[in-house]
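# Remarks on the overall topology
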Amino acid sequence: MNTISQEKTLLDGLAKEDKASIEQIYRDNYTMIQSLILNNSGTTDDAADIFQEAMIVLFEKSRLADFELNCQLKTYLYSVCRRLWLKKLQQMQRFGKQAEDLEEVIPVEDDLEMHEKRQLDFNIMENAMSKIGEPCKSLLEAYYIQKKPMLQIATEFGYTNADNAKTQKYKCLVRLKKLFFAQYKNGQ
Amino acid sequence: MEDTLLIDAAERFARGEMTTEEKIFFEELRKKNPELDQLVVEQLFFLNELGRYGSTKNFKHILHETEAKLVSEGLITKSPLQGKSKIVYLWKRYKRTIAVAASIAGIVSIISASLISVFHNEKTKDINLLVGKIDRAENKIRQIENKTKKLEAATELPLIVVAAPIDAKFRATGFLIDASNNLIVTNAHVVREARNNLVIENNKGQQFIAEAIYVNASTDLAILKVRDNTFKKLTPVPYSIRKTNAELGEQVFMLGFPKQEIVYGEGYISAKNGYQMDTIYCQLSTSANEGNSGSPVITKNGELVGIITSKETNAAGVVFAIKSSNIYKVIEEVKKIKGFEDTKITSQGSLKGSDRVTQIKKVEDYVFMVKGN
C-alpha cells in the first residue's frame, strides 16, 4: 500500500509522462482491474484495453491546473474502470451479471465526460494530421510533438536553413488548422 | 498583419518568449483590433489543442511500451486465467487416468517421431528454401559491371581499389541487426551453401567479406559479422525487433534480393504457425522467390516480425517466415561467444508514422545481398 506522499510522486510522474511511474501504477493496480473485468464476463484483452483507457483518463486529469485526487489512486482507477466496462458491456449488449460492488466507488461521471470530449478532439486532430500529407505531417510532429529545435529539423529534412523550414512549417500549420476547424465546428 | 507573422507572434506570446515591450505592444494591438484578437484567441486555442494531441500521443506510446514489457514479464496475460485450486482438485481426481493417457501418448509420440524421421525427406519436397542459384551469365554481368566501375574509379580517383567480386554460386538476403558491431541476420540454410567464400553486397553493388559467427540449424538462423575494414558503420537500425508474435491479418512489407537489385513486396500474416504447424514459423500471404531467404518482414509501425525462409511448392502465395522472437534467443547465444558480449538489439524503431516510401528509404540501406560459393 502506498502512502499519500508516494502516490503524489507517482501522479506527478504520470503528468510528466515518466515511464517508471507509469510502470509502477500498472504493477500496483493491474491485477485488481483484471479480476474486475474477468469476473464480469470480460477477457484478459478487454482488461488490458480498459486499463489503458483508464490510464489516459487519469493522465488527462493529472494535467489539469487544479488537479487533486480526493481518494486513493486505487479507488479512482477502480471506479473509472468499472464505469468504462459497464458502458462497454452496454454497447456490446453483453449483459452478463451486473458488476458487483465489492469496493467503494466514487463518482467519476464528470471526468469521463471530459475524457470523451478530449478523445473526440484527439481523433479530429489525428484525422486532420493524416490528411495533410508528407512532409507536412513529419515536420509538424517534429516541431510540436517531439519539440525539436528548428535548426535540427532543417538539417533532418534537408532545408538549406532554419528560416526556410519555418516558412514551410507555417504553411503546413495553416493547412492543418483549416482541416481541424472544418471538422471541429461540424462536430460541435 | 500577415498570417505567418501572426502565428509566430501568437506562438511566442503563448510560450512567454516576448519581451515586456513587445508584449505591451501586442496586447495593445489586440485591444484595438477585435478581428485580430479573435484570430489570436483561435490560434492560441489551436496551439493548445495541438500540444494536448502531442502529449496524449506520446503518453499512449509509453502505455503500449509498458504493456508490452509487462506482458513479457508475465504480469499481464492475454489468455484467460484459471483458478489454481480447481486444477489441483482435477489433478487429484484424474491422476490415474492422466498417468495412463500420458504413457499412451508417450508411446504414440515415439512411434510417430520415428515415422516422421523415416518420411522426413518427403517434407522437404513440399517446401522450397528460397536461396537463389546464380547462373554464369549473371556472374559475367557482375564482372563487367565491376570492371566499368574500376575504370570509372580510375579516371576520377586513382586510389580507390574495388575488391574483385567473387564468382558467386548462390544469392540470398540478410539484414543488419546490430549496427555498432556490424552483425547481420540471415538463414542457416543460406550459410550452409557457402563452401569457400561468403560476402554481403549493398544496394550500390559494393561487396564486403563476412563470416558466420553463429549458426543455429533448429531455428534456421545464422549471424554474420562483416569482416571488411572498408565497410562503413551505419546509424542504429531503424526497425525494432518484436518480441511477441505477429497477429493474424497484420499488414507487412518486405525487402529482399530475388534478383540483382532490391525488390519490395507486400502481404499479410495468414497463419500463426508454419508448415505442418511448426511453431518456429508463421505463414504469410505474399509472393517470394529464390533469393528472398533472409528477407526482413516489417509491419507498418516498423516492427520486424519475421524472416522469410521458404514457401510451399504446391500452393501459390504461401510463404513461411521465422518468428522474430527467435532472434532474441539466438542473440542470447551470440552473447556467450567471446568478443561478442556487448551485442545489442534495439527495441526502439524510428519508422512509426512515416509513409511507406520514407520507410523503405530508411530500411533499404540495412538490407544486404548475401552471396558466396
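Keep in mind that what you see is a predicted model, and the values were worked out from it rather than measured.

This paragraph deals with the overall build of chain A. Tallying secondary structure elements over chain A gives 8 helices and 0 strands in all. Each helix and strand of chain A, placed in order from N terminus to C terminus, yields the pattern α-α-α-α-α-α-α-α. Here the contacts in chain A between residues at least 6 apart in sequence split such that 63% fall between residues at least 24 apart.

Scanning chain B from terminus to terminus reveals 10 helices and 15 strands. Relative to its 373 residues, chain B shows a buried fraction of 31%. When contacts within chain B are restricted to residue pairs at least 6 apart in sequence, those whose partners lie at least 24 apart make up 67%.

The next subject is the nonpolar core. Membership of the largest hydrophobic core comes to 59 residues, with the highest contact counts inside it found for I184(B), I200(B), V297(B) and A321(B). Those residues in contact with I184(B), other than ones at most four positions away along the chain, are G174(B), F175(B), L176(B), I177(B), I200(B), A210(B), L224(B), V226(B) and F368(B). Listed in part, the 29 residues of the second largest apolar core include I22(A), A48(A), C81(A) and V108(A).

At the interface, 30 residues of chain B touch 29 residues of chain A. Only α1 (3-15) and α3 (34-73) of chain B provide two or more residues apiece to the side of chain B that touches chain A. A total of 16 residues in the side of chain B that touches chain A trace back to one element, the largest contributor, which is α3(B). Taken together, the residues of the side of chain B that touches chain A break down into 12 nonpolar, 12 polar and 6 charged.

Attention now goes to the environment of S72(B). Residues and elements named next belong to chain B. Relative to the assigned elements, S72 resides in helix α3. Assessed through the 13 C-beta atoms surrounding it within 10 Å, S72 is described here as partly exposed. Along the sequence, S72 and T244 sit 172 residues apart, while their C-alpha atoms lie 8.0 Å from each other.

What follows is about the environment of C136(A). All names here are of chain A. Relative to the elements of secondary structure, C136 occurs in helix α6 (residues 136-145). Sequence-wise, C136 and Q168 are 32 residues apart; in three dimensions their C-alpha atoms are separated by 8.0 Å. Contacts of C136, omitting those with residues within four sequence positions, involve C172 and R175.

The end-to-end C-alpha separation of helix α5 (residues 109-132) of chain A is 35 Å, in line with the 34 Å expected for 24 residues at 1.5 Å each. Positive backbone phi, approximately 80°, marks G133(A), located one or two places after α5(A).

All names here are of chain B. Per-residue pLDDT for chain B has a mean of 81; in total, 87% of the residues score no lower than 70. Helix α6 (residues 120-126) is the least confidently modelled element of chain B, averaging 55 in pLDDT, while strand β12 (residues 296-299) averages 94, the highest of any element. Predicted confidence is poor over residues 80-84, with pLDDT under 50, and the contacts of this stretch with residues over four places away or in other chains come to 5 contacts. With pLDDT under 50 throughout, residues 156-163 is counted as low confidence; its partners more than four residues away or in other chains account for 6 contacts.

Each packed pair of helices is defined by two parameters, the angle between the axes and the distance between the axes. All names here are of chain A. Where helix α1 (residues 4-15) contacts helix α2 (residues 19-38), the axes come no closer than 7 Å and their chain directions differ by 125°. The angle between the axes of α1 and α2 places the two elements in the oblique class. With respect to the hand of their crossing, α1 and α2 are arranged in left-handed fashion. Of α2, the residues touching α1 (which contributes L10, G13 and L14) are A20, S21, I22, Q24 and I25. The class makeup of the residues in the contact of α1 with α2 is 5 nonpolar, 3 polar and no charged.

Our focus in this paragraph is α1(A). Residues and elements named next belong to chain A. In this model α1 runs 17 Å from its N-terminal to its C-terminal C-alpha over 12 residues, within 8% of the 16 Å that 1.5 Å per residue would give. L10, L11 and L14 are the residues of α1 that are buried. Taken end-on, α1 shows its buried residues confined to a sector of 95°, consistent with a single buried face. E17 occupies a position one or two residues after α1 and carries a positive phi of about 60°.

Conventions and cut-offs
- Residues numbered from 1 in each chain as written.
- Chains lettered and ligands numbered in written order.
- Predicted model: local features only at pLDDT ≥ 70, side-chain atom pairs only at ≥ 80, totals over all residues.
- Helix = DSSP H or I, 4+ residues; strand = E, 2+ residues; numbered from the N terminus.
- Contact = placed C-beta atoms within 7 Å.
- Buried ≥ 20, exposed ≤ 12 C-beta atoms within 10 Å, placed from the backbone.
- Core = buried A, V, L, I, M, F, W, Y, C linked by C-beta atoms within 7 Å.
- Nonpolar A, V, L, I, M, F, W, Y, C, P; charged D, E, K, R; others polar.
- Expected span 1.5 Å × (residues − 1).
- pLDDT = per-residue confidence, 0-100.
- Axes fitted to C-alpha atoms, helices over the stretch in contact; angles between N-to-C directions.
- Parallel < 35°, antiparallel > 145°, perpendicular 65-115°, else oblique.
- Left-handed = near helix turned anticlockwise from the far one by under 90°.
- Arc of directions from axis to C-beta.

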